[in-house]
Amino acid sequence: MEIVGLPLHPLVVHAAVVFGPIAALTAILYVVLPSWRDRLRWPMLALAVLATVTIWVAFLSGQNFRNQARFDEATGAWLDRLDKHQSLAQKLRWVTSGFFVVAVLSAWLHERTGAVRVVLGVLLAASAIATLVFVVLTGDAGARAVWTQ
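Criteria and thresholds
- Residues numbered from 1 in each chain as written.
- Predicted model: local features only at pLDDT ≥ 70, side-chain atom pairs only at ≥ 80, totals over all residues.
- Heavy atoms only, no water.
- Helix = DSSP H or I, 4+ residues; strand = E, 2+ residues; numbered from the N terminus.
- Buried < 20%, exposed > 50% of the residue type's maximum accessible area, 1.4 Å probe, protein only.
- Areas by Shrake-Rupley, 256 points an atom, 1.4 Å probe, with all protein chains shown as cover.
- Lys, Arg positive; Asp, Glu negative; His and termini not counted.
- Charge placed at Lys NZ, Arg CZ, Asp CG, Glu CD.
- Axes fitted to C-alpha atoms, helices over the stretch in contact; angles between N-to-C directions.
- Parallel < 35°, antiparallel > 145°, perpendicular 65-115°, else oblique.
- Left-handed = near helix turned anticlockwise from the far one by under 90°.
- Nonpolar A, V, L, I, M, F, W, Y, C, P; charged D, E, K, R; others polar.
- Salt bridge = Lys/Arg side-chain N within 4 Å of Asp/Glu carboxyl O.
- Core = buried A, V, L, I, M, F, W, Y, C linked by side-chain atoms within 4.5 Å.
- Contact = heavy atoms within 4.5 Å.

Q: What's the story with the overall build of the chain in this structure? I'm lost.
A: Check the secondary structure of the chain and you find 4 helices and 2 strands. Starting at the N terminus and walking to the C terminus, you meet the elements of the chain as β-β-α-α-α-α. Counting only C-alpha atoms, the chain reaches 55 × 30 × 20 Å along its principal axes. Taken across its 149 residues, the chain has 41% of its residues classed as buried. Looking at the chain as shown, the accessible area adds up to about 8500 Å², and 70% of this sits on carbon and sulfur atoms. Averaged over its 12 positive side-chain charges, the chain has a centre that lies 11 Å from the centre of its 8 negative ones.

Q: Looking at this structure, how should I read the packing of helix H3 (residues 76-108) against helix H4 (residues 115-147)?
A: When two helices pack together, their arrangement is given by the angle between their axes and by how far apart the axes lie. The contact between H3 and H4 brings their axes to 8 Å, and the two run at 160°. Put simply, H3 runs roughly antiparallel to H4. Viewed along their axes, H3 and H4 form a crossing whose handedness is left-handed. Within the contact of H3 with H4, the residues separate by chemical class into 20 nonpolar, 7 polar and 5 charged.

Q: Sorry, what's going on with the pattern of salt bridges here?
A: Opposite charge on two side chains permits them to pair, given that their charged atoms come into close proximity. Inspection of the entire model under this criterion finds 1 salt bridge. With its nearest N and O atoms 2.8 Å apart, the salt bridge here joins Asp140 to Arg144. A residue pair is termed a helical-turn pair when its members lie 3 or 4 positions apart in one helix, as Asp140 and Arg144 do in helix H4 at 4 residues. Here Asp140 falls in the partly exposed class, since its relative accessible area comes to 36%. Judged by relative accessible area, Arg144 falls into the partly exposed class, the value being 48%.

Q: Teacher, can you tell me more about the nonpolar core here?
A: In a soluble, globular protein the nonpolar side chains are often hidden away together inside. Ala27, Tyr30, Met44, Phe99 and Leu124 are the most contacted members of the largest nonpolar core, which totals 16 residues. Those elements that place two or more of their residues in this core are helix H1 (8-32), helix H2 (37-66), H3 and H4. Residues within four places of Tyr30 in sequence aside, it is in contact with Arg37, Leu40, Arg41, Met44, Ser106, His110, Arg117 and Leu124. Core analysis: the next-biggest nonpolar cluster, separate from the first, contains 7 residues, Ala16, Ile55, Ala58 and Leu92 among them.

Q: Hey, could you run me through the environment of Ala46 in this one?
A: With respect to the helices, strands and loops of the structure, Ala46 is situated in helix H2. Its relative accessible area of 41% is what places Ala46 among the partly exposed residues. For the pair formed by Ala46 and Ala23, sequence separation is 23 residues and the distance between their alpha carbons is 8.2 Å.

Shown next as structure tokens:
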């Protein structure tokens, strides 16, 4: 997967690293600021979609990038760092997918009150925090794999 001769993965990870945290922070604001909920509903949902799409594209392009011949001879600590990055990325895609599902449910059931609102709020905040944590961990592991020799 390439764009103008450049591997897609190093290009698309920047979008994932931007949209993932922004989506997560918007969802957290949606939960903790009830007076802003109406204004944050659609931006939160749009950002959750963008984050999920960019993170999945980053994951799939990363798999493709890893399967290229240049990594066949990789060994030692560098390969260990790359494996850690890949392992975290596998978790990130599922955490983000869960976040997306909860964001859709929260936007769809936006008007609900009581126990439904509380449960959705807790699930949305928890999945947003998990997404934020895994984006940071995955990005850090990827940067360490690339920049640490």
